2 protein chains.
Amino acid sequence: MSPVPSLKTPRTTVRRMPKRGSYDFDTVAAILDAGFLCHLGFVADGQPYVVPTAYGREERLIYVHGSAVSRTLGALAEGVPVCITVTHLDGLVLARSGFHSSMNYRSVMLLGRAEVVPADRKVHAMEVISEQILRGRWADLRPIKRKEVNATAVLQIPIEEASAKVRTGPPGDDEPDYALPIWAGVIPLTLKAGKPIPDPRLAADTPIPANVKRWRR
Amino acid sequence: MSPVPSLKTPRTTVRRMPKRGSYDFDTVAAILDAGFLCHLGFVADGQPYVVPTAYGREERLIYVHGSAVSRTLGALAEGVPVCITVTHLDGLVLARSGFHSSMNYRSVMLLGRAEVVPADRKVHAMEVISEQILRGRWADLRPIKRKEVNATAVLQIPIEEASAKVRTGPPGDDEPDYALPIWAGVIPLTLKAGKPIPDPRLAADTPIPANVKRWRR
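Scoring rules and cut-offs
- Residues numbered from 1 in each chain as written.
- Chains lettered and ligands numbered in written order.
- Predicted model: local features only at pLDDT ≥ 70, side-chain atom pairs only at ≥ 80, totals over all residues.
- Heavy atoms only, no water.
- Contact = heavy atoms within 4.5 Å.
- Buried area = accessible area lost by both parts, 1.4 Å probe.
- Salt bridge = Lys/Arg side-chain N within 4 Å of Asp/Glu carboxyl O.
- Polar contact = N/O pair within 3.5 Å; in protein donor to acceptor, adjacent residues only side chain to side chain.
- Helix = DSSP H or I, 4+ residues; strand = E, 2+ residues; numbered from the N terminus.
- Nonpolar A, V, L, I, M, F, W, Y, C, P; charged D, E, K, R; others polar.
- Pairing = 2+ DSSP bridges.
- Least-squares fit on C-alpha atoms with pLDDT ≥ 70 in both.
- Buried < 20%, exposed > 50% of the residue type's maximum accessible area, 1.4 Å probe, protein only.

1. Side note on the interface of chain A and chain B
Each side of the interface is counted separately: chain A has 84 residues, and chain B has 84 residues. Roughly 7,200 Å² is buried in total at the junction of chain A and chain B, and carbon and sulfur atoms are behind 65% of that figure. At the surface where chain A touches chain B, the tally comes to eight salt bridges. Applying the counting criterion to the chain A and chain B interface returns 33 residue pairs in polar contact (both at pLDDT 80 or more). Elements represented by at least two residues in the side of chain A that touches chain B include exactly β2 (37-44), β3 (47-54), β6 (81-94), β7 (102-113), α4 (137-140), β11 (185-193) and β12 (197-198) of chain A. Element by element, the count of residues in the side of chain A that touches chain B is highest for β11 of chain A, at nine residues. A per-class count over the side of chain A that touches chain B returns 49 nonpolar, 18 polar and 17 charged. Pairing of β11 of chain A with strand β11 (residues 197-198) of chain B involves two bridges; the strand directions are antiparallel. The residue of β11 of chain B that forms the bridge with G185 of chain A is P198 of chain B.

Spelled out as C-alpha coordinates, the structure:
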(Lines give C-alpha, C1' and ligand atoms only; values in the text may rest on other atoms or scores of the structure.)
Protein backbone atom coordinates (compact mmCIF):
# COMPACT_ATOMS: atom_id res chain seq x y z
CA MET A 1 0.00 0.00 0.00
CA SER A 2 1.25 3.47 -0.86
CA PRO A 3 1.14 6.07 1.92
CA VAL A 4 -2.35 7.48 2.27
CA PRO A 5 -2.70 11.19 1.61
CA SER A 6 -4.93 13.20 3.91
CA LEU A 7 -8.43 13.99 2.63
CA LYS A 8 -8.16 17.44 4.21
CA THR A 9 -8.41 20.58 2.09
CA PRO A 10 -9.45 24.11 3.04
CA ARG A 11 -12.98 23.18 1.89
CA THR A 12 -13.21 20.09 4.10
CA THR A 13 -11.53 21.53 7.19
CA VAL A 14 -13.86 21.28 10.19
CA ARG A 15 -14.09 24.77 11.72
CA ARG A 16 -16.79 24.25 14.35
CA MET A 17 -15.46 21.91 17.05
CA PRO A 18 -12.23 21.13 15.12
CA LYS A 19 -11.25 18.41 17.62
CA ARG A 20 -14.22 16.39 16.30
CA GLY A 21 -12.79 16.39 12.77
CA SER A 22 -10.48 13.89 11.11
CA TYR A 23 -9.22 13.39 7.60
CA ASP A 24 -7.59 10.00 7.39
CA PHE A 25 -8.93 7.58 4.85
CA ASP A 26 -9.54 4.71 7.27
CA THR A 27 -11.75 6.79 9.55
CA VAL A 28 -13.74 8.09 6.59
CA ALA A 29 -14.03 4.61 5.05
CA ALA A 30 -15.23 3.04 8.32
CA ILE A 31 -18.06 5.59 8.60
CA LEU A 32 -19.02 5.08 4.96
CA ASP A 33 -18.97 1.30 5.38
CA ALA A 34 -21.31 1.49 8.38
CA GLY A 35 -24.09 2.91 6.19
CA PHE A 36 -25.75 2.56 2.82
CA LEU A 37 -27.89 5.70 2.52
CA CYS A 38 -26.28 9.05 1.77
CA HIS A 39 -27.61 12.54 1.17
CA LEU A 40 -26.30 13.68 -2.18
CA GLY A 41 -26.14 17.42 -2.88
CA PHE A 42 -25.81 19.08 -6.27
CA VAL A 43 -26.62 22.44 -7.81
CA ALA A 44 -28.97 23.19 -10.71
CA ASP A 45 -29.65 26.77 -11.81
CA GLY A 46 -28.03 28.03 -8.61
CA GLN A 47 -30.41 26.02 -6.41
CA PRO A 48 -28.98 23.25 -4.22
CA TYR A 49 -30.85 19.94 -4.12
CA VAL A 50 -30.29 17.23 -1.52
CA VAL A 51 -31.48 13.76 -2.44
CA PRO A 52 -31.35 10.63 -0.26
CA THR A 53 -29.85 7.74 -2.20
CA ALA A 54 -28.21 4.36 -1.69
CA TYR A 55 -24.46 4.04 -2.17
CA GLY A 56 -21.68 1.52 -2.04
CA ARG A 57 -18.00 2.05 -1.29
CA GLU A 58 -15.17 0.14 -2.93
CA GLU A 59 -11.62 1.16 -2.18
CA ARG A 60 -11.38 4.84 -3.10
CA LEU A 61 -14.70 5.12 -4.91
CA ILE A 62 -18.31 5.75 -3.95
CA TYR A 63 -20.92 4.33 -6.32
CA VAL A 64 -24.47 5.67 -6.68
CA HIS A 65 -27.11 4.60 -9.17
CA GLY A 66 -30.47 5.65 -10.50
CA SER A 67 -32.68 5.64 -13.53
CA ALA A 68 -30.85 6.24 -16.80
CA VAL A 69 -33.49 8.86 -17.68
CA SER A 70 -33.27 10.68 -14.33
CA ARG A 71 -32.55 14.40 -14.64
CA THR A 72 -30.45 14.23 -11.49
CA LEU A 73 -28.19 11.44 -12.66
CA GLY A 74 -27.89 13.04 -16.08
CA ALA A 75 -26.72 16.32 -14.56
CA LEU A 76 -24.29 14.53 -12.25
CA ALA A 77 -22.81 12.51 -15.09
CA GLU A 78 -21.72 15.78 -16.67
CA GLY A 79 -19.26 16.21 -13.83
CA VAL A 80 -20.87 18.95 -11.77
CA PRO A 81 -19.54 19.33 -8.20
CA VAL A 82 -21.35 17.13 -5.69
CA CYS A 83 -21.35 16.67 -1.93
CA ILE A 84 -22.06 13.29 -0.38
CA THR A 85 -22.91 13.30 3.30
CA VAL A 86 -23.40 10.18 5.41
CA THR A 87 -24.66 10.57 8.97
CA HIS A 88 -25.07 7.94 11.68
CA LEU A 89 -27.03 9.31 14.61
CA ASP A 90 -25.76 7.55 17.73
CA GLY A 91 -27.51 9.38 20.54
CA LEU A 92 -29.17 12.40 22.06
CA VAL A 93 -26.78 14.18 24.41
CA LEU A 94 -28.86 15.69 27.20
CA ALA A 95 -26.88 18.37 29.01
CA ARG A 96 -28.17 20.43 31.92
CA SER A 97 -28.45 23.45 29.63
CA GLY A 98 -29.87 23.72 26.15
CA PHE A 99 -26.64 25.37 25.05
CA HIS A 100 -24.54 22.27 25.76
CA SER A 101 -27.15 19.75 24.63
CA SER A 102 -25.95 17.95 21.53
CA MET A 103 -26.01 14.71 19.60
CA ASN A 104 -23.57 11.84 19.30
CA TYR A 105 -22.92 11.01 15.69
CA ARG A 106 -20.44 9.85 13.07
CA SER A 107 -20.61 11.72 9.79
CA VAL A 108 -18.65 12.08 6.59
CA MET A 109 -18.83 14.94 4.13
CA LEU A 110 -17.20 14.18 0.79
CA LEU A 111 -16.70 16.64 -2.07
CA GLY A 112 -15.98 15.73 -5.65
CA ARG A 113 -17.29 15.26 -9.15
CA ALA A 114 -19.18 12.23 -10.40
CA GLU A 115 -18.22 10.31 -13.50
CA VAL A 116 -19.96 7.50 -15.34
CA VAL A 117 -18.76 4.04 -14.32
CA PRO A 118 -17.16 2.41 -17.39
CA ALA A 119 -19.31 -0.26 -19.04
CA ASP A 120 -16.99 -3.10 -18.06
CA ARG A 121 -17.40 -2.29 -14.35
CA LYS A 122 -21.05 -1.23 -14.36
CA VAL A 123 -22.66 -4.47 -13.19
CA HIS A 124 -19.90 -4.90 -10.63
CA ALA A 125 -20.63 -1.42 -9.24
CA MET A 126 -24.33 -2.33 -8.98
CA GLU A 127 -23.32 -5.41 -7.03
CA VAL A 128 -21.20 -3.29 -4.68
CA ILE A 129 -24.20 -1.07 -3.89
CA SER A 130 -26.46 -4.10 -3.36
CA GLU A 131 -23.90 -5.79 -1.10
CA GLN A 132 -23.47 -2.62 0.96
CA ILE A 133 -27.21 -2.74 1.76
CA LEU A 134 -27.47 -6.48 2.38
CA ARG A 135 -24.36 -8.66 2.30
CA GLY A 136 -24.86 -11.83 0.29
CA ARG A 137 -28.05 -10.72 -1.44
CA TRP A 138 -26.61 -10.33 -4.94
CA ALA A 139 -25.89 -14.06 -5.31
CA ASP A 140 -29.46 -14.93 -4.29
CA LEU A 141 -31.15 -12.58 -6.78
CA ARG A 142 -32.50 -13.46 -10.19
CA PRO A 143 -29.55 -12.53 -12.48
CA ILE A 144 -29.66 -9.01 -13.85
CA LYS A 145 -30.84 -8.56 -17.45
CA ARG A 146 -29.10 -6.51 -20.11
CA LYS A 147 -32.09 -4.16 -20.45
CA GLU A 148 -32.04 -3.53 -16.68
CA VAL A 149 -28.35 -2.63 -16.86
CA ASN A 150 -29.11 -0.27 -19.74
CA ALA A 151 -31.96 1.36 -17.83
CA THR A 152 -29.65 2.13 -14.89
CA ALA A 153 -27.16 4.95 -14.64
CA VAL A 154 -24.21 4.20 -12.35
CA LEU A 155 -21.82 6.92 -11.23
CA GLN A 156 -18.62 6.94 -9.23
CA ILE A 157 -17.18 9.69 -7.05
CA PRO A 158 -13.54 9.42 -5.92
CA ILE A 159 -12.81 9.62 -2.19
CA GLU A 160 -10.17 12.33 -2.36
CA GLU A 161 -11.50 15.32 -0.46
CA ALA A 162 -13.48 14.63 2.68
CA SER A 163 -13.82 15.05 6.41
CA ALA A 164 -15.15 12.83 9.15
CA LYS A 165 -16.78 14.37 12.19
CA VAL A 166 -17.47 12.32 15.29
CA ARG A 167 -18.94 13.09 18.70
CA THR A 168 -19.09 10.48 21.44
CA GLY A 169 -19.54 10.43 25.18
CA PRO A 170 -21.45 12.29 27.87
CA PRO A 171 -22.48 15.96 27.83
CA GLY A 172 -19.93 18.63 28.64
CA ASP A 173 -21.69 21.06 30.97
CA ASP A 174 -20.63 24.37 32.46
CA GLU A 175 -18.87 23.52 35.73
CA PRO A 176 -21.45 25.12 38.07
CA ASP A 177 -24.31 23.34 36.27
CA TYR A 178 -23.12 19.90 37.42
CA ALA A 179 -24.55 20.69 40.86
CA LEU A 180 -28.07 21.24 39.48
CA PRO A 181 -30.69 18.52 40.15
CA ILE A 182 -31.28 17.94 36.43
CA TRP A 183 -31.01 14.50 34.85
CA ALA A 184 -28.23 14.50 32.24
CA GLY A 185 -26.74 11.81 30.05
CA VAL A 186 -27.18 10.16 26.68
CA ILE A 187 -30.13 8.41 25.03
CA PRO A 188 -28.37 5.96 22.67
CA LEU A 189 -29.98 5.61 19.24
CA THR A 190 -29.56 2.87 16.67
CA LEU A 191 -31.18 1.86 13.41
CA LYS A 192 -32.83 -1.44 14.37
CA ALA A 193 -34.23 -4.11 12.09
CA GLY A 194 -37.60 -5.60 12.97
CA LYS A 195 -38.82 -9.07 12.06
CA PRO A 196 -38.73 -9.48 8.27
CA ILE A 197 -42.18 -9.25 6.63
CA PRO A 198 -42.58 -11.85 3.86
CA ASP A 199 -44.02 -10.68 0.56
CA PRO A 200 -47.73 -11.64 0.49
CA ARG A 201 -47.04 -13.54 -2.73
CA LEU A 202 -44.12 -15.52 -1.31
CA ALA A 203 -44.56 -19.32 -1.39
CA ALA A 204 -45.05 -20.40 2.22
CA ASP A 205 -42.18 -22.87 2.18
CA THR A 206 -39.54 -20.34 1.00
CA PRO A 207 -36.80 -20.36 3.63
CA ILE A 208 -35.66 -17.01 5.01
CA PRO A 209 -31.93 -16.59 4.40
CA ALA A 210 -29.63 -15.99 7.36
CA ASN A 211 -28.45 -12.62 6.02
CA VAL A 212 -32.08 -11.39 5.93
CA LYS A 213 -32.92 -12.75 9.36
CA ARG A 214 -29.79 -11.30 10.95
CA TRP A 215 -29.45 -7.96 9.15
CA ARG A 216 -27.97 -5.35 11.42
CA ARG A 217 -25.92 -2.20 11.41
CA MET B 1 -57.87 28.28 8.48
CA SER B 2 -57.37 29.66 4.99
CA PRO B 3 -57.21 27.14 2.14
CA VAL B 4 -53.77 25.58 1.92
CA PRO B 5 -51.88 26.21 -1.30
CA SER B 6 -49.97 23.31 -2.79
CA LEU B 7 -46.22 23.20 -2.16
CA LYS B 8 -45.70 21.95 -5.71
CA THR B 9 -43.61 23.95 -8.19
CA PRO B 10 -41.72 22.79 -11.27
CA ARG B 11 -38.63 22.53 -9.04
CA THR B 12 -40.30 20.28 -6.46
CA THR B 13 -42.25 18.09 -8.86
CA VAL B 14 -41.33 14.43 -8.36
CA ARG B 15 -40.35 13.03 -11.78
CA ARG B 16 -39.08 9.59 -10.84
CA MET B 17 -41.98 7.50 -9.53
CA PRO B 18 -44.44 10.45 -9.56
CA LYS B 19 -47.10 8.40 -7.76
CA ARG B 20 -44.85 8.46 -4.70
CA GLY B 21 -44.90 12.28 -4.58
CA SER B 22 -47.29 14.59 -2.76
CA TYR B 23 -47.41 18.30 -2.14
CA ASP B 24 -50.01 19.00 0.49
CA PHE B 25 -48.91 20.79 3.60
CA ASP B 26 -50.25 18.23 6.08
CA THR B 27 -48.30 15.33 4.50
CA VAL B 28 -45.11 17.39 4.44
CA ALA B 29 -45.62 18.60 8.02
CA ALA B 30 -46.25 15.08 9.34
CA ILE B 31 -42.95 13.86 7.87
CA LEU B 32 -41.09 16.87 9.26
CA ASP B 33 -42.68 16.38 12.69
CA ALA B 34 -41.58 12.74 12.80
CA GLY B 35 -37.91 13.79 12.75
CA PHE B 36 -35.48 16.30 14.20
CA LEU B 37 -32.36 15.89 12.03
CA CYS B 38 -32.26 17.27 8.51
CA HIS B 39 -29.62 17.45 5.81
CA LEU B 40 -29.22 21.08 4.86
CA GLY B 41 -27.74 21.90 1.46
CA PHE B 42 -26.29 25.21 0.37
CA VAL B 43 -23.82 26.45 -2.25
CA ALA B 44 -20.56 28.31 -1.68
CA ASP B 45 -18.26 29.20 -4.60
CA GLY B 46 -20.26 26.85 -6.82
CA GLN B 47 -19.68 23.88 -4.54
CA PRO B 48 -22.68 22.27 -2.80
CA TYR B 49 -22.32 21.38 0.88
CA VAL B 50 -24.67 19.10 2.78
CA VAL B 51 -24.61 19.42 6.56
CA PRO B 52 -26.62 17.33 9.06
CA THR B 53 -28.32 19.60 11.58
CA ALA B 54 -31.18 19.64 14.07
CA TYR B 55 -34.38 21.46 13.21
CA GLY B 56 -37.77 22.29 14.59
CA ARG B 57 -41.02 22.96 12.76
CA GLU B 58 -43.62 25.47 13.86
CA GLU B 59 -46.59 26.11 11.60
CA ARG B 60 -45.14 27.16 8.24
CA LEU B 61 -41.54 27.64 9.40
CA ILE B 62 -38.50 25.42 9.87
CA TYR B 63 -35.97 26.63 12.43
CA VAL B 64 -32.29 25.68 12.44
CA HIS B 65 -29.55 26.97 14.71
CA GLY B 66 -25.81 27.01 15.04
CA SER B 67 -22.89 28.99 16.30
CA ALA B 68 -23.16 32.73 15.67
CA VAL B 69 -19.62 32.64 14.27
CA SER B 70 -20.27 29.67 11.96
CA ARG B 71 -19.39 30.34 8.32
CA THR B 72 -22.33 28.19 7.25
CA LEU B 73 -24.93 30.03 9.29
CA GLY B 74 -23.45 33.37 8.27
CA ALA B 75 -23.75 32.49 4.59
CA LEU B 76 -27.30 31.19 5.05
CA ALA B 77 -28.39 34.32 6.90
CA GLU B 78 -27.59 36.30 3.76
CA GLY B 79 -30.53 34.59 2.08
CA VAL B 80 -28.80 32.16 -0.28
CA PRO B 81 -30.99 29.34 -1.64
CA VAL B 82 -31.08 26.28 0.58
CA CYS B 83 -32.50 22.77 0.39
CA ILE B 84 -33.65 20.97 3.52
CA THR B 85 -34.13 17.23 3.20
CA VAL B 86 -35.57 14.99 5.92
CA THR B 87 -35.50 11.22 5.40
CA HIS B 88 -37.02 8.47 7.51
CA LEU B 89 -35.80 5.08 6.42
CA ASP B 90 -38.60 2.59 7.13
CA GLY B 91 -37.32 -0.59 5.56
CA LEU B 92 -35.28 -2.54 3.05
CA VAL B 93 -37.47 -3.79 0.22
CA LEU B 94 -36.05 -7.10 -0.96
CA ALA B 95 -37.37 -7.97 -4.39
CA ARG B 96 -36.47 -11.09 -6.36
CA SER B 97 -34.33 -8.97 -8.70
CA GLY B 98 -31.85 -6.25 -7.92
CA PHE B 99 -33.67 -3.98 -10.34
CA HIS B 100 -36.87 -3.95 -8.27
CA SER B 101 -35.18 -3.96 -4.88
CA SER B 102 -35.85 -0.69 -3.10
CA MET B 103 -36.36 1.00 0.25
CA ASN B 104 -39.42 2.07 2.15
CA TYR B 105 -39.08 5.65 3.30
CA ARG B 106 -40.80 8.94 3.99
CA SER B 107 -38.87 12.00 2.84
CA VAL B 108 -39.38 15.71 2.37
CA MET B 109 -37.34 18.02 0.17
CA LEU B 110 -37.92 21.70 0.88
CA LEU B 111 -36.49 24.62 -1.10
CA GLY B 112 -36.26 28.18 0.11
CA ARG B 113 -34.13 30.93 1.54
CA ALA B 114 -33.20 31.31 5.18
CA GLU B 115 -33.69 34.48 7.16
CA VAL B 116 -32.61 35.45 10.65
CA VAL B 117 -35.27 34.83 13.29
CA PRO B 118 -36.24 38.23 14.77
CA ALA B 119 -34.80 38.92 18.24
CA ASP B 120 -38.20 38.78 19.95
CA ARG B 121 -38.78 35.19 18.73
CA LYS B 122 -35.22 33.88 18.94
CA VAL B 123 -35.41 32.10 22.30
CA HIS B 124 -38.82 30.74 21.36
CA ALA B 125 -37.38 29.26 18.16
CA MET B 126 -34.58 27.62 20.17
CA GLU B 127 -37.26 26.11 22.40
CA VAL B 128 -39.10 24.77 19.33
CA ILE B 129 -35.93 22.98 18.13
CA SER B 130 -35.27 21.57 21.61
CA GLU B 131 -38.87 20.36 21.97
CA GLN B 132 -38.76 18.69 18.55
CA ILE B 133 -35.81 16.58 19.76
CA LEU B 134 -37.20 15.79 23.22
CA ARG B 135 -40.66 16.95 24.22
CA GLY B 136 -40.73 18.53 27.68
CA ARG B 137 -36.97 18.99 27.97
CA TRP B 138 -36.91 22.78 27.70
CA ALA B 139 -38.80 23.28 30.98
CA ASP B 140 -36.36 20.98 32.82
CA LEU B 141 -33.19 22.74 31.60
CA ARG B 142 -31.20 25.38 33.42
CA PRO B 143 -32.64 28.64 31.96
CA ILE B 144 -30.78 29.97 28.94
CA LYS B 145 -28.39 32.89 29.51
CA ARG B 146 -28.26 36.07 27.46
CA LYS B 147 -24.68 35.35 26.33
CA GLU B 148 -25.77 31.89 25.12
CA VAL B 149 -28.57 33.45 23.08
CA ASN B 150 -26.08 35.92 21.61
CA ALA B 151 -23.64 33.13 20.73
CA THR B 152 -26.35 31.27 18.77
CA ALA B 153 -27.56 32.05 15.28
CA VAL B 154 -31.16 31.00 14.64
CA LEU B 155 -32.59 30.93 11.13
CA GLN B 156 -36.03 30.25 9.72
CA ILE B 157 -36.99 28.85 6.33
CA PRO B 158 -40.61 29.14 5.18
CA ILE B 159 -42.42 25.95 4.14
CA GLU B 160 -43.66 27.17 0.78
CA GLU B 161 -42.02 25.00 -1.87
CA ALA B 162 -41.61 21.33 -1.07
CA SER B 163 -42.40 17.75 -1.96
CA ALA B 164 -42.98 14.65 0.09
CA LYS B 165 -42.02 11.26 -1.29
CA VAL B 166 -43.20 8.07 0.34
CA ARG B 167 -42.78 4.38 -0.44
CA THR B 168 -44.52 1.70 1.58
CA GLY B 169 -45.40 -1.94 1.17
CA PRO B 170 -43.94 -5.09 -0.37
CA PRO B 171 -41.68 -5.32 -3.43
CA GLY B 172 -43.18 -5.05 -6.91
CA ASP B 173 -41.53 -7.78 -8.95
CA ASP B 174 -41.74 -8.69 -12.61
CA GLU B 175 -44.67 -11.09 -12.93
CA PRO B 176 -42.62 -14.18 -13.95
CA ASP B 177 -40.19 -13.61 -11.04
CA TYR B 178 -42.88 -14.35 -8.43
CA ALA B 179 -42.48 -18.03 -9.25
CA LEU B 180 -38.77 -18.04 -8.35
CA PRO B 181 -37.72 -19.73 -5.08
CA ILE B 182 -36.16 -16.49 -3.74
CA TRP B 183 -37.16 -15.04 -0.38
CA ALA B 184 -38.70 -11.59 -0.87
CA GLY B 185 -40.26 -9.09 1.49
CA VAL B 186 -39.37 -6.17 3.71
CA ILE B 187 -36.91 -5.78 6.58
CA PRO B 188 -38.54 -3.01 8.65
CA LEU B 189 -36.14 -0.44 10.09
CA THR B 190 -36.66 2.03 12.93
CA LEU B 191 -34.54 4.43 14.92
CA LYS B 192 -34.65 2.83 18.37
CA ALA B 193 -33.67 4.34 21.69
CA GLY B 194 -31.57 2.24 24.05
CA LYS B 195 -31.50 2.52 27.83
CA PRO B 196 -30.47 6.06 28.80
CA ILE B 197 -26.86 6.31 30.01
CA PRO B 198 -26.56 8.66 33.00
CA ASP B 199 -23.77 11.24 32.92
CA PRO B 200 -20.88 9.88 35.07
CA ARG B 201 -21.10 13.08 37.14
CA LEU B 202 -24.85 12.78 37.76
CA ALA B 203 -25.83 12.58 41.46
CA ALA B 204 -27.02 9.00 42.05
CA ASP B 205 -30.42 10.05 43.39
CA THR B 206 -31.37 12.19 40.36
CA PRO B 207 -34.62 10.76 39.03
CA ILE B 208 -34.84 9.99 35.32
CA PRO B 209 -37.72 11.94 33.79
CA ALA B 210 -40.48 10.04 31.97
CA ASN B 211 -39.80 11.84 28.65
CA VAL B 212 -36.17 10.65 28.73
CA LYS B 213 -37.08 7.09 29.73
CA ARG B 214 -39.79 6.81 27.07
CA TRP B 215 -38.26 8.73 24.17
CA ARG B 216 -39.33 7.24 20.87
CA ARG B 217 -39.94 8.13 17.26
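2. Things to note about the relation of the copies chain A and chain B
Mapping chain A onto chain B is achieved by rotating through 180 degrees and translating by 0.0 Å along the same axis, at an RMSD of 0.0 Å. One copy is carried onto the other by what is essentially a two-fold rotation axis. Relative to the rotation axis, the closest C-alpha in chain A is found at L191 of chain A, a distance of 2.2 Å. Taken together, the interface assignments show that 100% of the residues at the interface of chain A recur at the interface of chain B, consistent with an identical surface on both copies.

3. A look at the sheet that holds strand β4 (residues 56-58) of chain A
Residues and elements named next belong to chain A. If you trace the four strands from one edge of the open sheet to the other, you get β4-β5-β9-β8, paired in antiparallel fashion. Looking at the sheet topology across the chains shown, the edges are occupied by β4 and β8 (115-116). Relative to strand β5 (residues 61-67), β4 is paired through three bridges, and the arrangement is antiparallel. By the bridge assignment for β5, R57 is matched with I62.

4. Observations regarding the pattern of salt bridges
When their charged atoms lie close together, side chains carrying opposite charge are able to pair. Within the structure shown, the criterion is met by 18 salt bridges over all chains. Here D173 of chain A ties to R96 of chain A by a salt bridge, and the two come within 2.7 Å at their closest N and O atoms. A residue pair is termed long-range when its members are at least 10 positions apart, and D173 of chain A in the loop between β10 (161-167) and β11 and R96 of chain A in the loop between β6 and β7 qualify at 77 residues. Between R142 of chain B and D174 of chain A there is a salt bridge, with its nearest N and O atoms 3.1 Å apart.

5. Observations concerning the environment of Y63 of chain B
Residues and elements named next belong to chain B. Tracing the backbone through its elements, the reader meets Y63 in strand β4 (residues 61-67). A relative accessible area of 1% places Y63 in the buried class. Separated by 63 residues in the primary sequence, Y63 and M126 have C-alpha atoms spaced 7.9 Å apart. Among residues more than four places away in sequence, those in contact with Y63 are A54, Y55, G56, E58, V117, R121, A125, V128, I129, L155 and Q156. Reaching out from Y63, the side chain makes a polar contact with the side chain of R121 at a distance of 3.1 Å.

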